[in-house]
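Structure assessment
Letter by letter, the chains look like this.
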Amino acid sequence: MSKLPDNFLWGGATAANQCEGGYNAGGKGPGTVDVIPWGPNRRGVMDGTLDYHDLPGDSYFPSHEAVDMYHRYKEDIALFAEMGFKCYRFSFAWSRIFPTGEEEEPNEEGLKFYEDFINELIKYQIEPVVTICHFDVPLHLEQKYGSWKSRKLIDFYLKYCDAIFKRFKGKVKYWMTFNEINMLMHLPFLGAGISFKAGENPEAVKYQAAHHELVASALATRLAHEIDPDCQVGCMLAAGTFYPYSCNPEDVWAALERDRGNYFFIDVQSRGAYPNYAKKLLEKKGIAVAMEPGDEAVLKENTVDYIAFSYYSSRLTAANPDYSTMTGGNVMKSMRNPHLKASEWGWQIDPLGLRTTMNQLYDRYQKPLFIVENGLGAVDEVVNGEINDDYRIDYLREHIKAMEAAVNEDGVPLIGYTPWGCIDIVSASSGEMKKRYGFIYVDKDNEGHGSLKRMKKKSFDWYKKVIASGGEELG
Ligand code: BGP
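In this section: the side chain of arginine 436. Inspection of the secondary structure puts arginine 436 in the loop between strand E12 (414-417) and strand E13 (440-442). Residue classification places arginine 436 among the buried positions, given a relative accessible area of 5%. Within the structure, arginine 436 has its side chain in polar contact with the backbone oxygen of lysine 444 (distance 2.7 Å). Not counting residues up to four positions away in its chain, the partners in contact with arginine 436 are Leu376, Gly377, Ala378, Asp380, Arg392, Asp424, Tyr441, Val442, Lys444 and Lys457.

On to the pattern of salt bridges. A full pass over the atoms with the stated rule returns 31 salt bridges. The partner of lysine 28 in a salt bridge is aspartate 34, and the shortest N-O contact between them spans 2.8 Å. Pair check on accessibility: lysine 28 and aspartate 34 agree, each one buried. Where aspartate 68 meets arginine 72, a salt bridge forms, and the shortest distance between an N and an O atom there is 2.9 Å. Taking relative accessible area as the criterion, aspartate 68 reaches 10% and is therefore assigned buried.

A few words now on the side chain of aspartate 295. Within the secondary structure layout, aspartate 295 lies in helix H12 (residues 295-301). For aspartate 295, a relative accessible area of 3% gives the class buried. Within the local environment of aspartate 295, its side chain forms a polar contact with the side chain of arginine 151, the two groups lying 2.7 Å apart. Among the polar contacts made by the side chain of aspartate 295, one reaches the main-chain amide nitrogen of glutamate 292 at a distance of 2.8 Å. When sequence neighbours within four positions are dropped, the list of residues in contact with aspartate 295 reads Arg151, His211 and Val215.

Take the pairing of strand E3 (residues 127-133) next. Most of E3 is tucked away, with seven of its seven residues classed as buried. Summarising the sheet, strand E2 (residues 87-91) and E3 pair through five bridges and their orientation is parallel. Pairing of tyrosine 88 across the sheet is with proline 128, part of E3. When E3 meets strand E4 (residues 174-178), the two strands line up parallel, connected through four bridges. What sits directly across from cysteine 133, in E4, is phenylalanine 178.

Here the focus is the packing of aromatic side chains. In this description, an aromatic ring pair is defined by two values, namely the gap between the centres and the angle between the planes. Overall, the coordinates contain 40 aromatic pairs when judged by the stated rule. Pairing phenylalanine 113 with tyrosine 114 gives two aromatic rings, centres 4.9 Å apart and planes at 70°, and the pair type is edge-to-face. Across the pair, exposure class does not vary: phenylalanine 113 and tyrosine 114 are buried alike. The ring of tryptophan 347 has lysine 435 sitting right over it, with the charged end atom 3.5 Å from the ring centre.

Within the closed barrel, the eight strands sit side by side as E1-E2-E3-E4-E5-E7-E11-E12. Their pairing is parallel. The sheet shows a mean angle of 30° between the axes of neighbouring strands, taken without regard to direction. Summarising the sheet, strand E5 (residues 232-239) and strand E7 (residues 306-311) pair through six bridges and their orientation is parallel. Bridge pairing in E7 links cysteine 235 to isoleucine 307. Contacts between helix H9 (residues 202-227) and the sheet are confined to E4 and E5, with E4 contributing the most and set at about 160° to the helix. Across the sheet, helix H10 (residues 249-271) is in contact with E4, E5 and E7; its angle to E5 comes to roughly 170°.

This part is about the packing of H10 against helix H13 (residues 351-365). Running from N to C, H10 and H13 cross one another at 40°; their axes reach a closest spacing of 11 Å. Taken together, the axes of H10 and H13 lie oblique to each other. Note that H10 runs across H13; the crossing there is right-handed. The residues of H13 that touch H10, namely those facing Asp259, Arg260, Tyr263, Ile266, Asp267, Ser270 and Arg271, are Gln360, Leu361, Arg364 and Tyr365. Of the residues in the contact of H10 with H13, the class split is four nonpolar, two polar and five charged.

Rules used in this analysis
Residues numbered from 1 in each chain as written. Predicted model: local features only at pLDDT ≥ 70, side-chain atom pairs only at ≥ 80, totals over all residues. Heavy atoms only, no water. Helix = DSSP H or I, 4+ residues; strand = E, 2+ residues; numbered from the N terminus. Buried < 20%, exposed > 50% of the residue type's maximum accessible area, 1.4 Å probe, protein only. Polar contact = N/O pair within 3.5 Å; in protein donor to acceptor, adjacent residues only side chain to side chain. Contact = heavy atoms within 4.5 Å. Salt bridge = Lys/Arg side-chain N within 4 Å of Asp/Glu carboxyl O. Pairing = 2+ DSSP bridges. Phe/Tyr/Trp six-rings, centres within 6.5 Å; stacked < 30°, edge-to-face > 60°. Lys NZ or Arg CZ within 6 Å of the ring centre and 35° of its normal. Axes fitted to C-alpha atoms, helices over the stretch in contact; angles between N-to-C directions. Parallel < 35°, antiparallel > 145°, perpendicular 65-115°, else oblique. Left-handed = near helix turned anticlockwise from the far one by under 90°. Nonpolar A, V, L, I, M, F, W, Y, C, P; charged D, E, K, R; others polar.

Remember that the coordinates give geometry; whether it matters functionally is a separate question.
This is the structure in structure tokens:
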């Protein structure tokens with residue numbers, strides 16, 4: 001197997017709303033994800049069609065306790081260190097630092113929590129890689145302003161960024177502005193706290209909100225560099241290239257259009273302007289995104305330093321897609337690819353697709369990449385006190401091989417690799433605990449029952465060897 005450079009950042013990834021819990025501890029205000037329930041109503045709240053105020057009184061909200069990393073982070077970080085993590089990608093909960101989002105001053109208890117958390121990582125020489133906003137917006141900003149529908153969110157977001165950039169200057173060298181910024185087009189309430197009123201054109205609302213996030217991202221990039229010239233700021237895309245279902249030119253064109261639906265965001269954040277195809281598309285849709293004088297200069301002058309992305313699988317489309325055989329797969333609709341196997345949740349498994357996606361992203365942006373999510377959500381069973389997740393080892397081994405080929409054979413510069421859900425956490429799309437990704441098992445079920453006890457899976461020692469060998473020993 002091919003080795004990766006000694007400074008390669010091997011690690012793991014989580015998100016505050018899926019692991020911390022402590023949803024109202026330490027002065028934290030409610031976030032938008034805190035009103036997304038587990039169960040049949042989840043999807044409707046996530047896509048903005050079901051008002052969370054109308055949920056049944058006995059709804060269960062998995063983010064409230066999640067896996068209680070808020071109280072157990074020292075134990076968890078010690079386990080990450082035991083695996084040899086060089087970095088750890090996690091997110092701050094915005095409403096832990098600005099409970100309503102409108103405060104003049106940050107909540108010191110919230111800043112102190114993340115300061116202790118980061119100091120614990122640094123104690124083990126683990127590089128903190130921080131997602132500034134991983135879906136969760138202070139609920140108050142959604143209730144008062146409609147979240148990212150309002151341009152006011154830009155200033156609230158920048159106030160939050162100013163507080164964390166200053167507090168963690170010199171300690172956090174890698175920031176990323178929004179997790180899977182393209183998610184707001186597919187699950188608008190999960191992705192950006194957006195829901196729709198009668199008479200609103202949802203697509204126009206989403207593109208306007210996207211513009212606000214894109215301007216906020218560019219201004220945050222500028223602010224970060226002003227406060228700490230040594231830090232790097234990335235964008236973050238839910239990636240996974242679209243294949244055409246056939247060599248029919250119409251299918252090929254459909255795949256290009258679907259890829260552009262995702263790359264649009266990164267085109268703006270990395271190349272600094274709305275691409276012509278996007279301007280033409282908005283024109284065709286009759287959508288006029290409201291921009292202020294100076295917005296285009298801000299976008300142009302403040303592009304990101306690296307491209308972070310999640311990859312779970314490639315996708316498949318056609319001019320006339322047949323979704324009767326639709327597969328699961330990180331939210332975006334995809335036809336089932338007959339050449340690929342799938343997970344228990346229907347997410348298809350395509351390691352070579354990672355190499356293809358990495359090459360496409362690097363060809364397009366010519367900036368270093370960072371794989372900040374990759375992994376297999378699966379049902380793990382505890383049998384005689386052991387969790388034998390060979391299927392997860394197989395998935396990760398093949399994706400690491402593909403990643404190493406992109407680096408060593410194709411010359412794609414890659415900063416690091418942080419498999420998703422390095423410890424079992426709440427699934428974003430399903431709200432389940434049953435859909436496990438971790439090297440570390442957490443005793444908790446979908447309904448919230450369990451001891452929260454942590455247990456090493458078979459993949460824990462496997463990944464420890466992978467890291468120790470620099471990616472050479474994939475066993
Ligand atoms: C991405 C999110 C993560 C994570 C991942 C896995 O969209 O960035 O938060 O949840 O998907 O998806 P799921 O948890 O739905 O299996």
